[in-house]
Structure formats: structure tokens, C-alpha cells
Amino acid sequence: MKILIISPSLDTSVNVSGISSVVRLIVSNNPLHKYVHFQIGKPDAEPRRLSWILRTLILYPQWFYNLLFNKFDVIHFNLGLSRMSVIRDAPLILCTRVLKRRIILHVHGGIFMYNRAGKFLTAIIRKLVKGKIQVIALSKPEKEMLINRYKAGNVAVLPNCIDLTDAKGFDINEKGNKELSMLFMGRLNKEKGLDELYNALLSVRKHGYKFKLFLAGTGPDETYYVSKFREHFGECFEFLGVVSGSNKIEVLKKCRIFVLPSHFEGLPMSLLEAMSFAEVPVVTDVGSIHTVVRDKVNGLLVKPTDSCDLEKAISSLCSGKVSIGALGLEAQKTIFNKFGPELYISSLNEVYSKV
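Presented here is an overview of the structure given in this document. (Residues numbered from 1 in each chain as written. Predicted model: local features only at pLDDT ≥ 70, side-chain atom pairs only at ≥ 80, totals over all residues. Heavy atoms only, no water.)

The next thing to look at is the layout of surface pockets. Roughly 440 Å³ of internal volume is contained in the second largest pocket. If you trace the second largest pocket, you find 20 residues lining it, with Asp 163, Asp 166, Lys 248, Ile 249 and Glu 273 closest to the centre. Listed by contribution, the elements that provide at least two residues to the lining of the second largest pocket are α1 (18–29), α6 (165–168), α9 (245–254) and α10 (269–276). Ranked by residue count, the leading element in the lining of the second largest pocket is α1, at 5 residues. Its residues placed into classes, the lining of the second largest pocket shows 7 nonpolar, 8 polar and 5 charged. (1 Å grid on protein atoms, 1.4 Å probe; cavity = no way out; pocket = protein on both sides within 12 Å on 5 of 7 lines; lining within 4 Å. Points joined across faces, edges and corners; volume = space filled by probe spheres on them. Helix = DSSP H or I, 4+ residues; strand = E, 2+ residues; numbered from the N terminus. Nonpolar A, V, L, I, M, F, W, Y, C, P; charged D, E, K, R; others polar.)

This paragraph deals with the packing of aromatic side chains. For the coordinates displayed, the defined rule picks out 11 aromatic pairs. Chaining the aromatic ring pairs together yields one cluster made of Tyr 198, Phe 211, Phe 229, Phe 233 and Phe 237. The ring of Phe 72 carries Lys 2 above its face, with NZ or CZ at 5.1 Å from the centroid. (Phe/Tyr/Trp six-rings, centres within 6.5 Å; stacked < 30°, edge-to-face > 60°. Lys NZ or Arg CZ within 6 Å of the ring centre and 35° of its normal.)

Our focus in this paragraph is the sheet that holds strand β8 (residues 212–216). The 6 strands lie next to each other as β9-β8-β7-β10-β11-β12, forming an open sheet whose pairing is parallel. Each of the sheet's edge strands pairs with one partner strand only, and the pair in question is β9 (237–241) and β12 (300–302). Recorded for the sheet is a direction-independent mean angle of 20 degrees between the axes of neighbouring strands. Sheet topology note: the strand β7 (residues 181–185)/β8 ladder contains 5 bridges and is parallel. Looking across to β8, one finds that Leu 183 is bridged to Phe 214. Contacts from helix α12 (residues 324–338) reach β10 (257–260), β11 (280–284) and β12, with the element oriented near 80 degrees to β11. (Pairing = 2+ DSSP bridges. Axes fitted to C-alpha atoms, helices over the stretch in contact; angles between N-to-C directions. Contact = heavy atoms within 4.5 Å.)

Spelled out as C-alpha cells, the structure:
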């Protein structure tokens, strides 16, 4: 089939986005279909100025042209339930539905999956997902949320996956034991729990535990947090910026702990990538994370916005009270068994065939 797939830029140097990672993997690993990528959303580094507004407005005539003058068997939308995404994408999706094109609405978490959206945005989301339109959720809890809160009528579950080529060739013994290294990889903003991470690590250091934090990514609060961590942790902190390709593989190989104390999430690609390299996830129990991470089995779950709980979890790994090696092996095993691309693409193709 010829499929129009919609997402932010697939260039990781432009957008640090789980949606972009998923779409890039789909396009690269599904040779049965021909994909045409339609880019929406702004680059991470671009402020919301007049140029951004003009480019957003241009999206709509470009979209109508694509629908009217190109034949696509399926329109595959990817969006997170956030304010800007819903407002921006709703006209495109509703227009596609009015023209009776075959459409898949692939929902990648977002704040409105777990927090109330308000009457106006709730009404819009309900219009997007109602009826026979095929919706894809990242987990069973998210499917239930879409049905119960937004009255979705036709929801399939398809957890994210990752490319395991590099991870399968990795030996956990390469990590060594000299330094307890931690990795945060994602968007750099307050909602990712960076304040809680900062406070937790201050307490960990007061207890005498040594560590090194690698901060990878970019986002609206990059300058503030990089400066804050660098000032207070000095040589125990290193900012990597956006990592991709071999640079990302190298940092995944060297780190022992993956920390992501987000206030809300869908199913983070960075979490799956880190676990595939036997990093122990210390993550908040939000979104669909608990469908992957089992507390004290293949990682540690902590309460959101609770720096004390986060500090206790990190300290338990630093002290050896909880085995990093055992949890890391279980984390890797989880990803290898359940989150490879072959099963994902097969399941996605079943959805395409149904539509």
C-alpha cells in the first residue's frame, strides 16, 4: 500500500521525539508498504515566532493538496495528546475524516491521556477518536483511558519497539564497575522531572555515594538545567546534547542506570533503548511505563514529583542494597523478548490490513 505517515521531523538532530523515533523505525523496517512522510511540528530549537506561525498555517493548504491530488491507501497520523498537538492537528484529521479517507490515529501518550483536558479540548479529542476510526494506543491502560474518557470506539494496542541490532551484540561486562554512571535522555524541560533529579542527586552525594550523570537531549529549558547541574555537580556531570547513531550507542553501553522521573509519559523510546543495553531503569510510575518496568524485578519505580523517593531508589543501587547487575540483565531480557521490531511490524501490518 501507499501510506501517508504524519509526524515531526525524522532527523534526530532536529527533533528529540519519541514519535519521530517510532515513525523512523516503521519506515525503515516495513518494506511491504511505500511510505510518504508528511512533516508537522517545529524543530526543538525554534521559538514560537512569526515564522513558526506562518509555516504552521501553510501546513493546511499543503495537506489539502495531498489529499485531493495524491492517492493514498491509508493515512497514518501520529500525535501526542497535548494542547498544541491537538489544536494543530484536529483540522487535518477532521478534514481527512470528512473526505472519507482510510485513517489510523496513532496516539503516543501526552498530558491529556492522564490529566483532564478541559471541556473544549475534551470535545475535540472525542470528535477525533469517535466512531469506526482506527485508533492505536501504546498499552491497555491507555486504551481504557481513550475509551472511558474520550469515548473512542475502535482501539488497538501496539506498544512501542526499538531496533535491537546493536544491543544484541553488546556484552554487559563491557560496562565495568569503576564508575556508577547514570543517563538521562530526553527533552530537557521541567515536566521530565529534572528538578526532582537535581534534588535527589544532591542527597545521594551527601550520603557519600559517587556517581556521574550524563544528560542527553535538548529542549526549551536546556540552558537553565545544564547550567544548574554543571554548577553544582562539576566533574560528576557531563552534557552530551542530542546523541544519535554511534554516539548514542556508546553512551548506552557505558551507563549503568537510566533515570527518567517524568511527571507524565506515554511509552518512552529512550527507556526501551536503555533497557536493551542492560541499564537499570529508575523511572516514575506514570503512563504506560509500568507495562514494561516491574519494580525490583527489572528496574525501580518511583513516585512522580517525589525527589525523596527518587533519592532512595538511586541510593539503593549506589550502596549495592539492590543488585544493578541482576536488574540490568532482567531489563535487557524484557526488551529482547517483547519489544523487537519484527513483532511490532507484523502487528502494525495487521492493523493496516484491517483498515
